[in-house]
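# Fold and geometry: a report
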Amino acid sequence: GFKAARMLARLLQRGGATVLPVTRRLSSTAPLRAAPLTIATDTSSSHLTVRFNVDDQTAHRFHWVWLRDNDPALRTPNGQKLHETSQLTPAQTTSTGVSLEGGDTAMTVEWLDGSQSTYSADWLLENSYDAPTPNRTERRLWGRTADGPIDGTPGWLRWHEHDELYESRSALREWLSDAAVHGVTLLRNVPLDRSGTALFDTVELFGFVRETNYGPLFHVRTEAAPSNLAYTPVPLSVHTDNPYRDPVPGLQLLHCLEQADDGGVTTLVDGFAAAEDLRETNPVAFETLAKHDVQFRYAADDAVLESATRTLCLDAQGDLTKIRVNNRSLAPPRLPFSEMEQWYEALIALRQLLENPRRHLQFRMQPGDLVLLDNERVLHGRAGEAVGKRHLLGCYADRDGLLSSLQVLQSDQAFGL
């Protein structure tokens, strides 16, 4: 009955900790994935240290002020905070004791002001900031140099059936999961509807259409007076769309209505995989492209769009979050004179990786096929001049809608729905 207390005693024998009063309460709460078996604070009493398993050498530290500010009970069911962080008082952020509950699957913190806060082990593990855990959806890169050339259709690339998305939540979850994990997901047998209704209905399965100056729907086909090189039959080097916008559309969908007699082969490249290879083989080039903003620009009679951004966008931990590559839309760069040549060398090094056919996933879309791709990760292009009629419908959507829908579906799966 005093397992937690005994473990704390053994922890203290290794030295260095000041322990708050710890008790263990009986509860009918079902066991969770990870139980905090040891709890101790350091001598400064500024934070709590939690280990989730007796053999776990990873210490997850939580500051008292963070714990009080993020008390799950002080938020609405949709996660909105019910208090102002700036109004927290020392009595509200000073702990007087910690108790374990539910078979050590949760803990309660008692505060100097007389209130209590309870945190489940799962919640603590999911929100740990000292020893972060992987995201629920793990990104998997494809086409890296070490993987060898892409030959035909790789095993991870699946064609999903349009009608099944409307009949099965698991089918929809798998389709969206492919987009989140691989940056691209494929669909076949989408109705050949030139009005775009079938395309819009597909987007509404997870989010909303992102309208631009091209309208909610655009046609990729040869035009007499094209406003964009995409509306010609010529080959297109791999690129991300609309880097001249802020924010950039996170997703692009292309629905094939007619395929050319020859040429017009869809080409996809995992930009993150190429960038990670650049980081390994030429770190100076990688850092250069992650350091400098360059201007992208689009100008037409009805719109002038400009945005300054980095070719490689990183988060605070140095992980890739976005890539911006579009040779046609790159405005004349205006970098410091001393760094201009180095930037060009870095860009060319990245483009050489992106244009290596060994990385290219290529296929001819057939009428009824639909490609959904992450427009800030996967580059797309057109190989070979399209001979004969080729007609694709396209639209944009935002990534947050897809990820939100995926999380809901994954939660349903966890509960057996």
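Residues numbered from 1 in each chain as written. Predicted model: local features only at pLDDT ≥ 70, side-chain atom pairs only at ≥ 80, totals over all residues. Heavy atoms only, no water.

## Brief notes about the sheet that holds strand β15 (residues 265-270)
Pairing in this open sheet of 4 strands is antiparallel, and the strands run β13-β22-β15-β20 from one edge to the other. Two strands lie at the open edges of the sheet, namely β13 (236-239) and β20 (361-363), each paired on one side alone. Looking at each pair of strands side by side, their axes are set apart by 15° on average, direction ignored. Pairing of β13 with strand β22 (residues 378-383) involves 2 bridges; the strand directions are antiparallel. Bridge pairing links H239 to H380 in β22. (Pairing = 2+ DSSP bridges. Helix = DSSP H or I, 4+ residues; strand = E, 2+ residues; numbered from the N terminus. Axes fitted to C-alpha atoms, helices over the stretch in contact; angles between N-to-C directions.)

## Brief notes about helix α7 (residues 271-281)
Across the 11 residues that make up α7, a large majority, 8, are buried. Taken residue by residue, α7 has G271, F272, A273, A274, A275, E276, D277 and L278 as its buried positions. (Buried < 20%, exposed > 50% of the residue type's maximum accessible area, 1.4 Å probe, protein only.)

## Description of the pairing of β15
A large share of β15 lies buried, amounting to 5 of its 6 residues. Note that β15 and β22 share 6 bridges and pair antiparallel. Looking at the pairing, D270 lines up with V378 of β22. The pairing of β15 with β20 spans 3 bridges and is classified as antiparallel.

## A short note on the packing of aromatic side chains
Under the definition given, this model contains 14 aromatic pairs. With a centroid separation of 6.0 Å and an interplanar angle of 85°, the aromatic rings of F62 and Y129 are classed as edge-to-face. In this pair, F62 sits in strand β5 (residues 60-63) while Y129 sits in the loop between α3 (121-126) and β9 (159-161), placing the two residues 67 residues apart along the sequence. Relative to W156, the ring of W142 has its centre 5.2 Å away and its plane inclined at 40°; by these criteria the two rings are tilted. In this pair, W142 is assigned in the loop between α3 and β9 and W156 in the loop between α3 and β9, connecting sequence segments 14 residues apart. Overall, the relative accessible area of 4% leaves W142 in the buried class. Taking relative accessible area as the criterion, W156 reaches 22% and is therefore assigned partly exposed. An aromatic cluster is present here, built from F62, W66, Y119, W123 and Y129 joined pairwise through their rings. (Phe/Tyr/Trp six-rings, centres within 6.5 Å; stacked < 30°, edge-to-face > 60°.)

Limitation: the analysis is restricted to geometry and does not speak to function.
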